[in-house]
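Each chain, written out:
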Amino acid sequence: MKQASIRAFRKRSLHYSTHASKARHITTKREQRFFDLLRAELTLAKISSTAMARRKMSVEEMFRSDVELEDSSDSWWDSDEEEEEEPDTADRLDLGDIQVEAEPSSSDGAEPPPTSHDSSSSLSGDCAGEADEDYVPTVPLRSSGRGRAPAPKRTTTTHKKARKRQKVSSSAHQQQGEDCWHTLEELDTEPGCPLFTPKKDPGPQIDSTKSWSPLSLFKLFFSAYTIREIIKNTNENAHRLLAAGKKFKWSPLTVGDFYKFLAIIIFSGLVQVPSKPDFWRTKWPYNFPFPRSCMTRDRFESILWSLHLSNIKKDEENEQKKGTPHYDRLFKLKPLYDDIRVACKAHFQPMREICIDERMVASKARIDFKQFMRDKPTRFGYKLFVLADSRTGYTWNFFIYQGKSAVVREEDLSTTSVMDLMDFGLLGKGYHLYVDNFYSSPYLFQKLASNSTAACGTIRENRVGFFKTTLNNLPRSAQRGEMRWIRKDGLLFNKWKDSKEVTVCSTFHKSFSGATVKRRVKEAGHWVVKDIPVPDSVKDYNKFMGGVDLSDALIQYYSVRNKTMKWYKTFFYHFIDISVVNSFIMFKMLAEKREEKAISQRQFREKLMEELILESKGETACPQPSTSFSAQPGAFKCPGSVPRYFGGTAEEKRRICVWCKQNGSKRKTPLYCPKCNVALCLQPDRNCFEDYHKKL
């Protein structure tokens, strides 16, 4: 400290000391502590330079021994690290926290300093002037309140050792090339990919040599058995409404009337009017010849009011179970819900690239499993988890999300939804699955890899198992096209800078193989199109992730969805959309296989409406061709039969297969033939359903 500052400090100390001596009464403990502090400073200021130097040396030696003892106790923690450098005295010793006594040793021969407050002459001699250069005034800590000075603070070198260990380990990882992000110039090894071996040939599972009309393809999803069940339940519901006092004209619903009813619903997706009754208006511009020529407005509305999908008696029994684990929320959709799902999987085999995503069916009904998704175009409605073919948009499997379940499952929704949709027994091995960051996780991808299924998708960095290192990470100021990659436990993590940073995880991609994409980049104040490098996983993800979006777009072009007060009727409209779009995709693929000119979806729907009207009049335009199950003559003696589940899922109400029992083995199955009322297996390795009906 400079001499001028020390003199100023002494001047202030003398001023406060004089003021303290003149004070008659100290009113608070705070003032008492303040003046005690000033007196202690004055006492320390009068210590000679020689005595102060000796006192500092003795205290320093005492703390050096304490620090060395503490360092030796911590030697087991960092025995494998380099020897620490000797810490500075300032790090080990803080003299400002030590209260030093004003009694020098008698052997030094130095005069003891005066302690009087009013002898200011003792502070202004030659000896005091010489001591100004070495003296550093200190302020003692406050008393702990029990008459003892607090123990001095001691700083250890543990935090320094931890920092040094981190630096040493970081440099070691960088030298070894492990556990850090790699750049574009560093080469990656080619990962293994499961061989694509599907259970069936990809494409429609029907006899492609026959001529298939739009109606014959539509009947694969709306089978004759399903239509008869809907007609029976609708008639029963109409009688129940009439018995309850509802007044409307009703005559029993027939198959012909139901086909006309379906044709009008499909027509409503092609022609938009403010309300349904406008189709029957005779004034311009609503004077449509159809549907007024085939069905009256009152008949159509009476069918729509009475429409019921499930069995009335079983529905009432299910309502009594409400509030119990045995209650089925989706019972009003059955059997149509189960039949549509079975038909979608039975009549088409997806290509190698498939994807899983959510789909929203718009609705604002007051029901407990209605969902809200902020980032979807349709924010309010029912959420469906859908597995679709990435190339064609064919809806291969789906299920309706019913909200949080009371049964706690070991895995979260992002994992269970994927595993429920991936029917490995029907799909086969070697499929490439694409998902978004809601589903992607290292745990799910490794689980899929164990089932010989490759996976790729965007991933959130806070997922459990994501690589947390920041060594050589992608900087925030990275240019467009820069990338980083790292491989761990068979998983590839890619970071790529586009307009924003994108993180992708994959089990079958190489980090980079020279692929590029065109992007607009600003150079010298002008926007130019440049080819920038892109990881293989990002390029394939952008190409094959849009299967569900393609299916949604095909549905929304001519959707038949209409406003309704019954939630299950909303799903009835959506099931019609799924059936029509899947039929159109199969019709288009068959035309390409025969090298014929494909028609548009609008023309396909128009043709389907025409054939439905002809079918209702008994004038079948084209006979129903045989499916793959009945390609051989006499294969089925039970036409139109579609296997159904005994219970709500494949794990409920399993029965012994009749055909297996006849052949000497007892295997249980959840499926049965609704016409023959017998339990039959339907597996990739054995088809008891077909074998049993061949022998009838």
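Every residue gets a number counted from 1 within its own chain, in the order that chain's sequence is written. Totals for whole chains, interfaces and linings use all residues, but because this is a predicted model, local features are given only for residues with pLDDT of at least 70 and pairs of side-chain atoms are given and counted only at 80 or more. No hydrogens and no water enter the side-chain calculation; it runs on all heavy atoms of the structure.

Section: the overall build of the protein chain
Phase 1 of the analysis: Looking only at helices and strands, the protein chain has 21 helices and 20 strands in total.
Phase 2 of the analysis: Burial classification: accessible surface area is computed with a 1.4 Å probe over protein chains only, and a residue below 20% of its type maximum counts as buried, one above 50% as exposed, and the rest as partly exposed. Classification of the 696 residues of the protein chain by burial places 45% in the buried group.
Phase 3 of the analysis: Residue pairs in contact within the protein chain that sit at least 24 positions apart in sequence constitute 67% of those at least 6 positions apart.
Phase 4 of the analysis: When the accessible surface of the protein chain is split by element, carbon and sulfur atoms take 50% of a total near 38800 Å². Counting from the N terminus, the helices are the DSSP runs of H or I reaching at least four residues and the strands are the DSSP runs of E reaching at least two. Only heavy atoms matter for contacts: two residues are in contact if any of them lie within 4.5 Å across the pair. Areas reported here follow the Shrake-Rupley algorithm with a probe of radius 1.4 Å; residue values treat only the protein chains shown as occluding.

Topic: the sheet that holds strand β19 (residues 671-673)
Phase 1 of the analysis: We call two strands paired when DSSP finds no fewer than two bridges between them. Taken in spatial order, the three strands of this open sheet run β16-β19-β20, and their pairing is antiparallel. Single-partner strands in this sheet number two, and they are β16 (644-645) and β20 (678-679).
Phase 2 of the analysis: Looking at chain direction, β19 and β20 are connected through two bridges and run antiparallel. For Cys673, the partnering residue across the bridge sits in β20 and is Val678.

With respect to helix α9 (residues 255-270)
Phase 1 of the analysis: One fewer than the residue count of a helix, multiplied by 1.5 Å, yields its expected span. Relative to the 22 Å expected for 16 residues at 1.5 Å per residue, α9 spans 23 Å between its end C-alpha atoms, a close match to the ideal helical length.
Phase 2 of the analysis: Counting buried positions along α9 yields 14 of 16 residues, so the element is predominantly enclosed.

Some remarks on unusual backbone geometry
Phase 1 of the analysis: Following Phe290, the chain continues into Pro291 via a peptide bond in cis, with omega recorded as 15°.
Phase 2 of the analysis: Tracing the chain through its elements places Pro291 in the loop between α9 and α10 (297-306).
Phase 3 of the analysis: In this chain, Lys334 is followed by Pro335 through a cis amide linkage whose omega measures 10°.
Phase 4 of the analysis: Turning to its location among the elements, Pro335 is positioned in the loop between α11 (312-320) and α12 (336-346).
Phase 5 of the analysis: Notably, Ser452 is not glycine yet its phi reads approximately 60°, a positive angle.
Phase 6 of the analysis: Counting through the fold element by element, Ser452 comes out in the loop between α15 (442-450) and β10 (454-458).
Phase 7 of the analysis: For Glu595, which is not glycine, the phi dihedral falls at a positive 60°.
Phase 8 of the analysis: Along the chain, Glu595 falls in the loop between α18 (567-593) and α19 (601-616).
Phase 9 of the analysis: By relative accessible area, Glu595 is classed as exposed at 75%.

Thoughts on helix α8 (residues 224-243)
Phase 1 of the analysis: Between its first and last C-alpha, α8 extends 29 Å over 20 residues, near the 28 Å set by a 1.5 Å rise per residue.
Phase 2 of the analysis: Here α8 has its buried residues at Tyr225, Thr226, Ile227, Glu229, Ile230, Ile231, Asn233, Thr234, Asn235, Asn237 and Ala238.
Phase 3 of the analysis: In this structure, the buried residues of α8 make contact with α9, α10, α11, α12 and β16.
Phase 4 of the analysis: Remark: Gly245 follows α8 within two positions and exhibits a positive phi of approximately 105°.

A few points about the pattern of salt bridges
Phase 1 of the analysis: Here a salt bridge means any side-chain nitrogen of Lys or Arg lying within 4 Å of a carboxyl oxygen belonging to Asp or Glu. The final tally for this structure, using the stated rule, is 25 salt bridges.
Phase 2 of the analysis: Between Lys232 and Glu229 there is a salt bridge, and its shortest N-O distance comes to 3.8 Å. Of the two residues, Lys232 and Glu229 both sit in helix α8, three residues apart, roughly one turn of that helix.
Phase 3 of the analysis: For the salt bridge of Lys334 with Asp328, the shortest nitrogen-to-oxygen distance reads 2.7 Å. Each of the two residues, Lys334 as well as Asp328, counts as buried.

Quick word on the side chain of Asp278
Phase 1 of the analysis: With respect to the helices, strands and loops of the structure, Asp278 is situated in the loop between α9 and α10.
Phase 2 of the analysis: Discounting chain neighbours no more than four positions away, the residues touching Asp278 are Val273, Tyr286 and Phe288.

Structural notes on the side chain of Gln371
Phase 1 of the analysis: With respect to the helices and strands, Gln371 occurs in strand β5 (residues 371-372).
Phase 2 of the analysis: Exposure remark for Gln371: the relative accessible area of 18% places this residue in the buried category.
Phase 3 of the analysis: A polar contact of 3.4 Å, which involves the side chain of Gln371, links it to the backbone oxygen of Phe369.
Phase 4 of the analysis: The contacts of Gln371, once residues within four sequence positions are left out, are Met360, Arg379, Phe380, Gly381, Lys383, Tyr401 and Gly403. Throughout this description, a polar contact denotes any pair of N or O atoms lying within 3.5 Å of each other; where both atoms belong to protein, one of them has to be capable of donating a hydrogen while the other can accept it, and for residues adjacent in sequence the pair is counted only when both atoms sit in side chains.

Some remarks on the pairing of strand β7 (residues 395-400)
Phase 1 of the analysis: Of all six residues making up β7, six are buried, and the element is well covered by its neighbours.
Phase 2 of the analysis: Sheet analysis places strand β6 (residues 380-389) next to β7, joined by five bridges and oriented antiparallel. Note that in β7 the partner of Leu387 across the bridge is Asn397.
Phase 3 of the analysis: Linking β6 to β7, which pair antiparallel, is a turn of five residues; within it Gly393 sits at a positive phi near 85°.

Overview of the packing of helix α13 (residues 413-421) against α15
Phase 1 of the analysis: The contact between α13 and α15 brings their axes to 10 Å, and the two run at 20°. As far as their axial angle goes, α15 and α13 are roughly parallel. Considering the relative orientation of α13 and α15, their crossing is right-handed. For the pair formed by α13 and α15, the contact residues are Ser414, Thr415, Val418 and Met419 on the first element and Tyr443, Leu444, Lys447 and Leu448 on the second.
Phase 2 of the analysis: Taken together, the residues of the contact of α13 with α15 break down into five nonpolar, two polar and one charged. Between N-to-C directions, angles cover 0 to 180 degrees, with each direction set by a line fitted to C-alpha atoms, over the stretch in contact for helices. Any angle that falls under 35 degrees is termed roughly parallel, while one over 145 is termed roughly antiparallel, one within 65 to 115 roughly perpendicular, and all others oblique. Left-handed describes a crossing whose near helix is turned anticlockwise from the far helix by less than a right angle; the clockwise case is right-handed. For this classification, the nonpolar set comprises Ala, Val, Leu, Ile, Met, Phe, Trp, Tyr, Cys and Pro, the charged set comprises Asp, Glu, Lys and Arg, and every other residue, Gly included, is treated as polar.

Concerning the packing of aromatic side chains
Phase 1 of the analysis: When two rings of Phe, Tyr or Trp (its six-membered ring) have centres within 6.5 Å they constitute a pair, described as stacked for plane angles under 30 degrees, edge-to-face for angles over 60, and tilted for the intermediate range. As enumerated under the stated definition, the model contains 34 aromatic pairs in all.
Phase 2 of the analysis: With a centroid separation of 5.8 Å and 90° between ring planes, the pair formed by Phe385 and Tyr401 is classed as edge-to-face. Taken together, the residues span a long stretch of sequence, with Phe385 in strand β6 and Tyr401 in the loop between β7 and α13 at a distance of 16 residues.
Phase 3 of the analysis: A relative accessible area of 0% places Phe385 in the buried class.
Phase 4 of the analysis: Overall, the relative accessible area of 13% leaves Tyr401 in the buried class.
Phase 5 of the analysis: With 6.1 Å between their ring centres and 55° between their planes, Phe572 and Tyr573 make a pair best called tilted. Pair check on accessibility: Phe572 and Tyr573 agree, each one buried.
Phase 6 of the analysis: Taken together, the aromatic side chains of Phe258, Phe261, Phe267, Phe279, Trp280, Phe288, Phe290 and Phe300 make up a single cluster linked through ring pairs.
Phase 7 of the analysis: Lysine NZ or arginine CZ positioned within 6 Å of the ring centre and within 35 degrees of the ring normal marks a charge as sitting over the ring. The cationic tip of Lys383 hangs over the ring face of Phe438; the distance from NZ or CZ to the ring centre is 6.0 Å.

Quick notes on a positive patch on the surface
Phase 1 of the analysis: Here a patch means residues that are over 30% exposed by relative accessible area and free of salt bridges, tied together within 9 Å if like-charged and within 5 Å if nonpolar (Val, Leu, Ile, Met, Phe, Trp, Tyr). Only four residue types enter the tally: Lys and Arg on the positive side, Asp and Glu on the negative side; His and the chain ends are excluded. Throughout, a charge is located at the NZ atom of Lys, the CZ atom of Arg, the CG atom of Asp or the CD atom of Glu. Residues Lys314, Lys321, Lys653, Arg654, Arg655 and Lys668 make up a contiguous surface patch of positive charge.
Phase 2 of the analysis: Among the structural elements, Arg655 can be located in strand β17 (residues 655-656).
Phase 3 of the analysis: The partly exposed category is assigned to Arg655, whose relative accessible area is 40%.

Structural notes on the pairing of strand β14 (residues 516-523)
Phase 1 of the analysis: As defined by bridge partners, β14 adjoins strand β15 (residues 526-533) across eight bridges and the pair is classed as antiparallel. When the bridges of β15 are listed, Arg520 appears paired with Val529.
Phase 2 of the analysis: Two successive antiparallel strands, β14 and β15, enclose a turn made up of two residues, where Ala524 displays a positive phi of approximately 55°.

Digging into the confidence of the model for the protein chain
Phase 1 of the analysis: Each residue carries a pLDDT score, the predictor's own confidence in it, on a scale running from 0 to 100. The predicted model of the protein chain averages 79 in pLDDT, with 71% of residues at 70 or higher.
Phase 2 of the analysis: Every residue in residues 20-26 scores below 50 in pLDDT, and together they form five contacts with partners more than four places removed in sequence or on other chains.
Phase 3 of the analysis: Low pLDDT (under 50) marks residues 72-156, which in the prediction has 95 contacts with non-local residues, meaning those over four places away or in another chain.

Observations concerning the state of the cysteines
Phase 1 of the analysis: Only a pair of cysteine sulfur atoms within 2.5 Å counts as a disulfide in this structure description. Tallied over the entire structure, the rule returns zero disulfides.
Phase 2 of the analysis: A disulfide-free cysteine, Cys657 has its sulfur positioned 3.5 Å from the sulfur of Cys681, the nearest such atom.

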